[in-house]
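Read off the chains here:
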Number of protein chains: 2
Amino acid sequence: MFTFDQLAGFIAVAEELHFGRAAERLNMTQPPLSRQIQKLEKAVGAELLERDNRKVQLTAAGRAFLEEARRLMALASRAPVTARRIASGRSGLLRIGFTAASGFSILGPLLEEISATLPDVDIDLQELVTGEQIAGLLSGELDLGLARPPFDNEIFDSHLLYREAMVLAVPSGHPLAELNRDITEKDLRDEPLIMHSSTQARYFYDLVVRMFPVQHANVVHTVSQILTMVSLVAAKRGVAFVPHSATLLGVHAVEFLPLESSVNDPVELHAIWTRNITNPALALALRTLDFQEN
Amino acid sequence: MFTFDQLAGFIAVAEELHFGRAAERLNMTQPPLSRQIQKLEKAVGAELLERDNRKVQLTAAGRAFLEEARRLMALASRAPVTARRIASGRSGLLRIGFTAASGFSILGPLLEEISATLPDVDIDLQELVTGEQIAGLLSGELDLGLARPPFDNEIFDSHLLYREAMVLAVPSGHPLAELNRDITEKDLRDEPLIMHSSTQARYFYDLVVRMFPVQHANVVHTVSQILTMVSLVAAKRGVAFVPHSATLLGVHAVEFLPLESSVNDPVELHAIWTRNITNPALALALRTLDFQEN
DNA sequence: ATCGAGTGATACCCGGAAGGCATCATGTTT
DNA sequence: AAACATGATGCCTTCCGGGTATCACTCGAT
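Thresholds applied
- Residue indices begin from 1 for each chain and proceed along its sequence in written order.
- All chains are assigned letters beginning at A, and all ligands numbers beginning at 1, according to the order in which they are written.
- Reporting of local features is limited, given that this is a predicted model, to residues whose pLDDT is at least 70; pairs of side-chain atoms are given and counted only at 80 or more, and all residues count toward the totals for whole chains, interfaces and linings.
- Water and hydrogen atoms were dropped before computing side-chain values, which therefore reflect all heavy atoms in the structure.
- Comment: elements are numbered from the N terminus, with helices defined as DSSP H or I runs of at least four residues and strands as E runs of at least two.
- Structural elements are reduced to axes, namely lines fitted to C-alpha atoms, with helices fitted over the stretch in contact, and the angle between N-to-C directions of any two is expressed from 0 to 180 degrees.
- Put simply, angles under 35 degrees are roughly parallel, angles over 145 are roughly antiparallel, angles from 65 to 115 are roughly perpendicular, and the rest are oblique.
- All amino acids are sorted into three groups, where Ala, Val, Leu, Ile, Met, Phe, Trp, Tyr, Cys and Pro are nonpolar, Asp, Glu, Lys and Arg are charged, and the leftover types, Gly among them, are polar.
- Whenever a carboxyl oxygen of Asp or Glu lies within 4 Å of a side-chain nitrogen of Lys or Arg, that contact is scored as a salt bridge.
- We call two strands paired when DSSP finds no fewer than two bridges between them.
- Two residues qualify as a contact provided that any one of their heavy atoms is within 4.5 Å of a heavy atom in the partner residue.
- Relative accessibility decides the category of a residue: with a 1.4 Å probe and only protein chains considered, values under 20% of the type maximum give buried, values over 50% give exposed, and everything between is partly exposed.
- Identification of polar contacts relies on pairs of N or O atoms within 3.5 Å, with a donor-acceptor requirement for protein atoms, meaning one able to donate a hydrogen and the other able to accept it, and with residues adjacent in sequence counted only if both atoms are side-chain atoms.

Engineer: How would you sum up unusual backbone geometry? Please name residues and give values.
Structural biologist: Following A:Pro149, the chain continues to A:Pro150 via a peptide bond in cis, the omega torsion being 0°. Checked against the element boundaries, A:Pro150 lands in the loop between β5 (144–147) and β6 (156–164). Located in the positive-phi region is B:Asn27, a residue other than glycine, with phi close to 55°. One can find B:Asn27 in the loop between α2 (19–25) and α3 (30–44).

Engineer: Summarise the packing of helix α4 (residues 60–88) of chain A against helix α4 (residues 60–88) of chain B; cite the residues concerned and give the values.
Structural biologist: As a packed pair, α4(A) and α4(B) sit with axes 9 Å apart at the nearest point and diverge in direction by 180°. When the interaxial angle is binned, α4(A) and α4(B) end up roughly antiparallel. Of the residues assigned to the contact of α4(A) with α4(B), the class counts are 24 nonpolar, 2 polar and 4 charged.

Engineer: Account for the pattern of salt bridges, naming residues and giving values.
Structural biologist: Residues and elements named next belong to chain A. All told, the structure shown has 28 salt bridges over all chains when counted by the stated rule. Where Arg 21 meets Glu 16, a salt bridge forms, and the shortest distance between an N and an O atom there is 3.5 Å. Here Arg 163 makes a salt bridge to Glu 268, at a shortest N to O gap of 3.0 Å. In this pair, Arg 163 sits in strand β6 while Glu 268 sits in strand β12 (residues 267–274), placing the two residues 105 residues apart along the sequence. Bridged by salt links that share partners, the residues Glu 15, Glu 16, Arg 21, Arg 25 and Arg 70 form one connected network.

Engineer: Provide a residue-level description of the sheet that holds strand β3 (residues 91–98) of chain B, including the pertinent values.
Structural biologist: All names here are of chain B. Spatially, 5 strands are ordered β4-β3-β5-β12-β6 in an open sheet, and the strand pairing comes out mixed. Each end of this open sheet is capped by a strand with a single partner; those strands are β4 (120–127) and β6 (156–164). Direction aside, the axes of adjacent strands within the sheet are offset by 20° on average. Here strand β5 (residues 144–147) pairs with strand β12 (residues 267–274) via 3 bridges, running antiparallel. The partner of Ala 147 across the bridge, within β12, is His 270. Its contacts with the sheet place helix α7 (residues 130–139) against β3, β5, β6 and β12, and it is angled at close to 165° to β5. Contacting β3, β4, β5 and β12, helix α11 (residues 280–289) crosses the sheet at an angle of about 70° to β3.

Engineer: I'd like to hear about the pairing of strand β3 (residues 91–98) of chain A, residue by residue, with values.
Structural biologist: Residues and elements named next belong to chain A. For β3, the tally of buried residues reaches 6 of 8 residues, placing the bulk of the element in the interior. Of the pairings in the sheet, the one linking β3 to strand β4 (residues 120–127) comprises 8 bridges and is parallel in character. Looking across to β4, one finds that Leu 94 is bridged to Ile 123. In the sheet, β3 pairs with β5 via 3 bridges, with the strands oriented parallel. Bridged to Phe 98 within β5 is Leu 146.

Engineer: Account for the interface of chain A and chain B, naming residues and giving values.
Structural biologist: The accessible area lost on association of the parts is a frequent measure of interface size. Contacts between the two partners involve 26 residues from chain A, matched on the other side by 27 residues from chain B. Counting the contacts that link chain A with chain B gives 0 salt bridges. Summed over the shared surface of chain A and chain B, the result is 2 residue pairs in polar contact (both at pLDDT 80 or more). Elements with a contribution of two residues or more to the side of chain A that touches chain B: α1 (4–16) and α4 of chain A. For the side of chain A that touches chain B, the class distribution of residues is 20 nonpolar, 3 polar and 3 charged.

As structure tokens, then:
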């Protein structure tokens, strides 16, 4: 096998067609350069240069090998640059999981900021419920999650993205909309309710149950996606508790009513990631987004 | 700059994720391999492997660099192969000049034989008159010519491809065709003659002038291409001396009459090339075609 | 024809790089 | 706690690669 020095020597000689000048260009003397070329030719197994005691010429094989040598040198000089870019986080891949609800509001601005400051970082997006995001983060298939509590603070570091109030989604023209006041528990006693899945959307489920003693008899549907809920409300299947950002969905024939504030815990959305960061792009992204405490 | 050994070491470790096993695969001991990787990381300017005293893992930069390293090694191992192929003549480029007349007959079989025995040799064809071929061979723009004498035997080596008689092309139904005997000088005393260019087709011009004392008053056209001549004969513009292979052109309304043999020097077509062969593909082609004396 | 200049190859020497062996440091397993 | 596994380090030796001096050969000028 030949060496990069031999390749560089060959390229210099091939360009100068003169060992002395080539050696000067390489900051060395002529004799070792001659030997370099000899060794290279031996390693390649073909004459690359025809030396005629008066002038130097490329052979046919030499011309072909020159191209390969240039390609090798170019590749060899670029490889560390890309590696350093990736190590620094300025380049690479960021795999982000997000809940459907976060997609309406925070995801857009967040991606915009990342791609503006880190244009060479590729972003891979997956819509996943919180539980799936946590599994993805733990298995290393995900770098960053946009998820809701609870999650293990021993393993995950996190940054609160926003809190928002829950509202009640009702079909347009629904009697509750006429009240013009905050909705109370009593108002919902006989309303058909579209409820969150207790497994797929555990956070919302727990939150709602904590807020209102839900009459299970009233539950007409159990779904996991906010958009599905709002669509069902629009179809007059019932009313539903949704985060305030659901108003941004722009579904027609739905109104959103405030809930009695005393019991209305705001819902939270967090950016979460494992504490042992291995992806430099994540480290840099967290720093530029100001998510890291330190 | 790093070395190929370092790259090979890194690839081995990255694949084994174990310094000891990687070292064994590389037929060396573990300590120098550890140092190789350290030097490589220093040269690249980024951590490529995360060593954890228990297990070895690739970093993000390491994964990217691994790809580049594999590409480099593949390129480096292929480059000598292609160079050797070209040096041996089994691969490369053969630039062949040919006269229009040779195109009718010998060129096809010749190309067929070359491409059958040397399938990886690219062939570049140019139709050129003999003079242009000689210039091309001397300037190095051409490897092989299919041309007519004269050429300098000091500079060029050659191989006689074929000799053929000259014939007289006459329009169909021409009175001379009725004679049913060889054409003599006297028969042509009053015939309008389509003549070869004395500069562009010097060989034919000299040959014809040597054969028949051409009446310059009879010359109605001066052209350089055999096909043009035959076409003009078909158009009844006159008669013309052409090599026998012109019968293969398949131009309608033309007949070819034999010439008095005593004066009929055959015309020759030679393959010619400069004696100092630099293109290995040419050397090999000449050998497979049995053109070389030695 | 001869001599000098130019150019690549060779001979020889020396310093540093790379590999091997022995050993250390550290974390895991029993 | 002890034994084991594994990568890092220290030290020695060898060998590779560069430098200097010189040779061999060709070409051009006198």
